[in-house]
Amino acid sequence: MSLSNIFDVAGSGMSAQTVRLNTVASNIANAESVSSSVGETYRARHPIFTVMQQQGNPLDFNSLFEEASGSGAGVKVSGIVESQAPLNKQYQPDHPKADEEGYVFYPNVNIVEEMTDMISASRSFQTNVEIMNTAKQLVQRVLTLGQ
């Protein structure tokens, strides 16, 4: 991996964590929404990440900083899936959204899991920012070696 590719890898990680944070925010925002049927009820969403493979031949030595490796070239969001966990069905006959049997349906969003996921995504984003800063400092130091 070339030293300049570090910016691409860290940038793709930051983009992926942004999508993760957006889905967590959507899940938390809809955690208390109520519906009168299973089909209309919001379901928790989660992004699916996949590794982006390097382009070209990994055995080519084009740069002093490049090495042969089978490592990926970043991460991408390949999709967002809905959770298949059961919905929360509660008996509330006085609720305006209750069905004919008196039940209302709440989303399958677990706030504790979502908060944990939010903290993890935020820390991953911060780590990628630190990687970019460190790579920038390394490039600057390499440029000053000839002075």
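Report follows, based on the coordinates. Bear in mind that the values here come from a model prediction, so they are computed numbers and not experimental data. (Residues numbered from 1 in each chain as written. Predicted model: local features only at pLDDT ≥ 70, side-chain atom pairs only at ≥ 80, totals over all residues. Heavy atoms only, no water.)

1. What to know about the overall build of the protein
Under the convention used in this document: Secondary structure elements are defined from DSSP: runs of H or I of at least 4 residues count as helices, runs of E of at least 2 residues count as strands, and each element is numbered from the N terminus. Using a 1.4 Å probe on the protein chains alone, a residue whose accessible area is under 20% of its type maximum counts as buried, one over 50% counts as exposed, and one in between counts as partly exposed. What sets the accessible areas is the Shrake-Rupley method with a 1.4 Å probe; for residues, cover comes only from the shown protein chains.
Assigned secondary structure in the protein consists of two helices and four strands. Here the protein holds 147 residues, and the buried ones make up 24% of them. Summed over all atoms, the accessible surface of the protein reaches about 9,500 Å², with 54% contributed by carbon and sulfur.

2. What to know about helix 2 (residues 111–143)
To be explicit about the condition: Expected helix span is computed as 1.5 Å times (number of residues minus one). Here a polar contact is taken to be a pair of N or O atoms separated by no more than 3.5 Å, where protein atoms must pair a possible hydrogen donor with a possible acceptor and residues adjacent in sequence count only if both atoms sit in side chains.
Across its 33 residues, helix 2 extends 48 Å between first and last C-alpha, which sits within 8% of the 48 Å expected from 1.5 Å per residue. Every buried residue of helix 2 is accounted for by E114, D117, A121, N128 and A135. Backbone nitrogen of V112 and a side-chain oxygen of the N-cap are separated by 3.0 Å at the start of helix 2; the cap is N110.

3. Considerations on the side chain of S83
Where we set the bar: Any two residues whose heavy atoms approach within 4.5 Å at even a single point are treated as in contact.
Tracing the chain through its elements places S83 in the loop between strand 2 (75–82) and strand 3 (88–91). Overall, S83 belongs to the buried group, its relative accessible area being 15%. Separated by 3.2 Å, the side chain of S83 and the backbone nitrogen of A85 make a polar contact. The contact partners of S83, leaving out residues within four places of it in the chain, are R43, A44, H46 and N108.

4. Comments concerning helix 1 (residues 5–29)
Helix length check: helix 1 (25 residues) gives 36 Å between terminal C-alpha atoms against 36 Å at 1.5 Å per residue, within 8%. If you check which residues of helix 1 are buried, you get A10, S12, G13, M14, A16, Q17, R20, T23, V24 and N27. Considering only its buried residues, helix 1 is in contact with strand 1 (45–51), strand 2 and helix 2.

5. Here we look at the packing of aromatic side chains
Definition in use: The rule is short: rings of Phe, Tyr and Trp, with Trp giving its six-membered ring, pair when the centres are within 6.5 Å, and they are stacked under 30 degrees, edge-to-face over 60, tilted in between. Ring-over charges, as used throughout, are those where CZ of Arg or NZ of Lys falls within 6 Å of the ring centre and within 35 degrees of the ring normal.
This structure, assessed with the given rule, holds one aromatic pair. With centroids separated by 5.4 Å and ring planes inclined at 65°, the aromatic side chains of Y91 and Y103 adopt a geometry described as edge-to-face. Note that Y91 is positioned in strand 3 and Y103 in strand 4 (residues 103–106), a separation of twelve residues in sequence. Note on Y91: relative accessible area 54%, which makes it exposed. The side chain of K89 reaches across the aromatic face of Y103, ending 4.4 Å from its centre.

6. Observations concerning the pattern of salt bridges
This is how it is decided: The rule for a salt bridge is simple: a side-chain nitrogen of Lys or Arg has to be within 4 Å of a carboxyl oxygen of Asp or Glu.
Tallied over the entire structure, the rule returns two salt bridges. Here R20 makes a salt bridge to D117, at a shortest N to O gap of 2.5 Å. With R20 in helix 1 and D117 in helix 2, this residue pair connects regions lying 97 residues apart in the sequence. A relative accessible area of 13% places R20 in the buried class. Across the salt bridge formed by E82 and R45, the nearest N and O atoms sit 3.1 Å from each other. Placement of E82 in strand 2 and of R45 in strand 1 is noted, with a sequence separation of 37 residues between them.

7. Let's talk about the environment of N108
Residue position: N108 is located in the loop between strand 4 and helix 2. Spatially, the C-alpha atom of N108 lies 8.9 Å from that of T41, the residues being 67 residues apart in sequence. Setting aside chain neighbours within four positions, we find N108 in contact with Y42, R43, A44, S83, Q84, A85, P86 and L87. There is a polar contact of 2.8 Å between the side chain of N108 and the backbone nitrogen of A44. One polar contact links the side chain of N108 to the main-chain carbonyl oxygen of A85, over a distance of 2.9 Å.

Note that every value here comes from positions in space, so none of it alone points to a role or purpose.
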